[in-house]
Amino acid sequence: MNRHIDFERLHNFRDLGGYPTADGNLVRWGRLFRADSLSKLRDQDWERFLELGITTVIDLRYPWEIEAKGRVPQHESLVYHNLSIEHRPYDQAALGPDIEAGPYLAERFLEVAADGVEELRQALEVLAAADGPAVFHCASGKDRTGLLAAVVLNLLGVSDEQVIEDFALTELATDRLIADWRAAYPDKQLTWPGYGRAPAEVMRLFLAALAAEHGSVRGYTTERLGVDDDVIAALRQSLLETA
């Protein structure tokens, strides 16, 4: 099943619909999307984006990233939220070749889960209240986006294995993400083999760590994020349908 929606300039735009849940429901198609930076939208890509009927955009990047690269174009149909969930910036492209992607990125995910509690809670509340299709994104649609996708899908009842598989689908976009980086920085050398990669081990380690500390992703969202049952119920009402 190809979840990627084809755009010329975006490489990692995906529909999160169709996943089965433990209670026999399905995540609705065309209701929740994850993406790389929507600042790249223009011309035919922009028209295709508008055809999806999206009403809510959550930009997970730092404000300084938005200032440097831009944001989704303004449009009367869109409500835009900048919720920067990462608080400790790092440069993946400059990492050394000896750093293992799985353990290293899992540690960064745990930092975001600890530091970004306010923004993650707000993101879940925004998605629960959205009155139409929604999309959330970061720069590559991989790490920050992957973390939020994992939390949402788990709250909907999608299995850990399918959450892990969804995270790893970014591997289909890796070559294009690397090509974009090289085009943007022709005078620099990409030193980390893990750049643009999304090995399943990252998400597996991250989910295991949350479960060890909080019992489950839901335990994390209630204990650390302070998300109440009404928000989770609203997410499920909006994003699930009977199989």
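Up top you'll find the structure we're talking about.
**Some thoughts on empty space enclosed by the protein**
So, point 1. Applying the stated criterion across every chain, the model contains one cavity of 30 Å³ or more.
So, point 2. The computed volume of the largest cavity comes to approximately 40 Å³.
So, point 3. As for the largest cavity, its lining consists of Glu86, Tyr90, Arg108, Phe109, Val112, Asp143, Arg144 and Leu147.
So, point 4. At the level of secondary structure, the elements contributing two or more residues to the lining of the largest cavity comprise helix H3 (101–115) and helix H5 (144–156).

**Structural notes on the packing of aromatic side chains**
Any aromatic ring pair is given by two values, namely how distant the centres are and how the planes are angled relative to each other.
So, point 1. One pass over the structure, following the stated rule, counts eleven aromatic pairs.
So, point 2. Taking the centre distance of 6.3 Å and the plane angle of 85° together, the rings of phenylalanine 13 and phenylalanine 49 count as edge-to-face. Remark: phenylalanine 49 occurs in helix H1 (residues 43–51) and phenylalanine 13 occurs in the segment before strand S1 (14–15); sequence separation between them is 36 residues. Each of the two residues, phenylalanine 13 as well as phenylalanine 49, counts as buried.
So, point 3. A centroid spacing of 5.9 Å and a plane angle of 75° characterise the contact between tyrosine 90 and tyrosine 104, whose relative ring orientation is edge-to-face. With a gap of 14 residues between them, tyrosine 90 in the loop between strand S5 (79–82) and H3 and tyrosine 104 in helix H3 connect regions that are remote in the sequence.
So, point 4. Look at tyrosine 90 and you get partly exposed, because its relative accessible area is 24%.
So, point 5. One residue, arginine 3, lies across the ring of tyrosine 19, its end atom 3.8 Å from the ring centre.
So, point 6. Its end group placed over the ring of tyrosine 104, arginine 108 keeps NZ or CZ at 4.6 Å from the ring centre.

**Notes on the pairing of strand S4 (residues 56–59)**
So, point 1. The alternating pattern of S4 places Thr56 and Ile58 on one face and Val57 and Asp59 on the opposite face, and all of these are buried.
So, point 2. Relative to S5, S4 runs parallel, the two being bridged by four bridges. Across the sheet, aspartate 59 pairs through a bridge with asparagine 82, a residue of S5.
So, point 3. Note on the crossover from S4 through helix H2 (residues 63–69) to S5: the handedness is right-handed.
So, point 4. Looking at chain direction, S4 and strand S6 (residues 134–137) are connected through four bridges and run parallel. Note on S6: the bridge partner recorded for isoleucine 58 is phenylalanine 136.

**Focus: H1**
So, point 1. Listed as buried for H1 are Asp45, Trp46 and Phe49. When H1 is viewed along its axis, its buried side chains cluster within an angular range of 100° and face the same direction. Turned more than 90 degrees off the buried face of H1, the exposed positions are Asp43, Gln44 and Glu51.
So, point 2. Packed against the buried residues of H1 are S4 and S6.
So, point 3. Once H1 finishes, glycine 53 follows within two positions and takes phi at roughly 75°, a positive value.

**Observations regarding the layout of surface pockets**
So, point 1. Empty space within the largest pocket amounts to approximately 1,200 Å³.
So, point 2. What lines the largest pocket is a set of 36 residues, among which Glu65, Lys69, Ala139, Tyr185 and Tyr195 lie closest to the centre.
So, point 3. Counting only elements with at least two residues in the lining of the largest pocket, the list comes to H2 and helix H7 (174–184).
So, point 4. Across the lining of the largest pocket, the residue classes tally to 14 nonpolar, eight polar and 14 charged.

**Re the pattern of salt bridges**
So, point 1. For the structure shown, the criterion picks out 16 salt bridges.
So, point 2. With a closest N to O distance of 2.8 Å, arginine 34 and aspartate 166 form a salt bridge. On the criterion of sequence distance, the pair formed by arginine 34 in strand S3 (residues 32–35) and aspartate 166 in helix H6 (residues 160–168) is long-range, its members being 132 residues apart.

**Brief notes about the nonpolar core**
The nonpolar side chains of a soluble globular protein tend to be buried with one another.
So, point 1. Within the largest apolar cluster, 60 residues are counted, with the highest numbers of intra-cluster contacts made by Leu124, Phe136 and Met203.
So, point 2. In terms of residues, this core owes the most to one element, H5, which gives nine residues.
So, point 3. Excluding residues that lie within four positions of it along the chain, methionine 203 makes contacts with Phe109, Gly146, Ala150, Val163, Ile164 and Phe167.
So, point 4. Core analysis: the next-biggest nonpolar cluster, separate from the first, contains 15 residues, Ile5, Ile54, Val57 and Leu78 among them.

Parameters at a glance
All residue numbers here refer to positions counted from 1 along the written sequence of the relevant chain. With pLDDT at 70 or above as the cut-off, local features in this predicted model cover only qualifying residues; side-chain atom pairs require 80 or more to be listed or tallied, and sums for whole chains, interfaces and linings still use all residues. Hydrogens are left out, water is left out, and the side-chain values use all remaining heavy atoms of the structure. The distinction between a cavity and a pocket rests on a 1 Å grid over the protein atoms alone: a 1.4 Å probe fits inside a cavity but cannot get out, while a pocket stays open yet meets protein on both sides within 12 Å along at least five of seven lines, and a residue with an atom within 4 Å of a point counts as lining. Grid points are joined across faces, edges and corners, and a volume is the space filled by probe spheres set on the points. In this description a helix means any DSSP run of H or I spanning at least four residues, a strand means any run of E spanning at least two, and both kinds are numbered starting from the N terminus. Within 6.5 Å between ring centres, the rings of Phe, Tyr and Trp (the latter by its six-membered ring) count as paired, and their orientation is classed by plane angle as stacked under 30 degrees, edge-to-face over 60, tilted in between. Only protein chains enter the calculation, and the probe is 1.4 Å; a residue is then buried if its accessible area is under 20% of its type maximum, exposed if over 50%, and partly exposed in between. Either the NZ atom of lysine or the CZ atom of arginine qualifies as a charge over a ring when it sits within 6 Å of the ring centre and within 35 degrees of the ring normal. For two strands to count as paired, DSSP must find a minimum of two bridges between them. The handedness of a crossover follows from its direction of travel: if, with the strands pointing away from the viewer, the path from the first strand over the helix to the second runs clockwise, the crossover is right-handed. This arc corresponds to the set of directions leading from the helix axis out to the C-beta atoms. Whether two residues touch is decided by their heavy atoms; if any such pair falls within 4.5 Å, the residues are in contact. Amino acids are sorted into nonpolar (Ala, Val, Leu, Ile, Met, Phe, Trp, Tyr, Cys and Pro), charged (Asp, Glu, Lys and Arg) and polar (every other residue, Gly among them). Salt bridge, as applied in this entry: a Lys or Arg side-chain nitrogen positioned within 4 Å of an Asp or Glu carboxyl oxygen. As used here, the term nonpolar core means buried Ala, Val, Leu, Ile, Met, Phe, Trp, Tyr and Cys residues forming a set that is joined through side-chain atoms within 4.5 Å.

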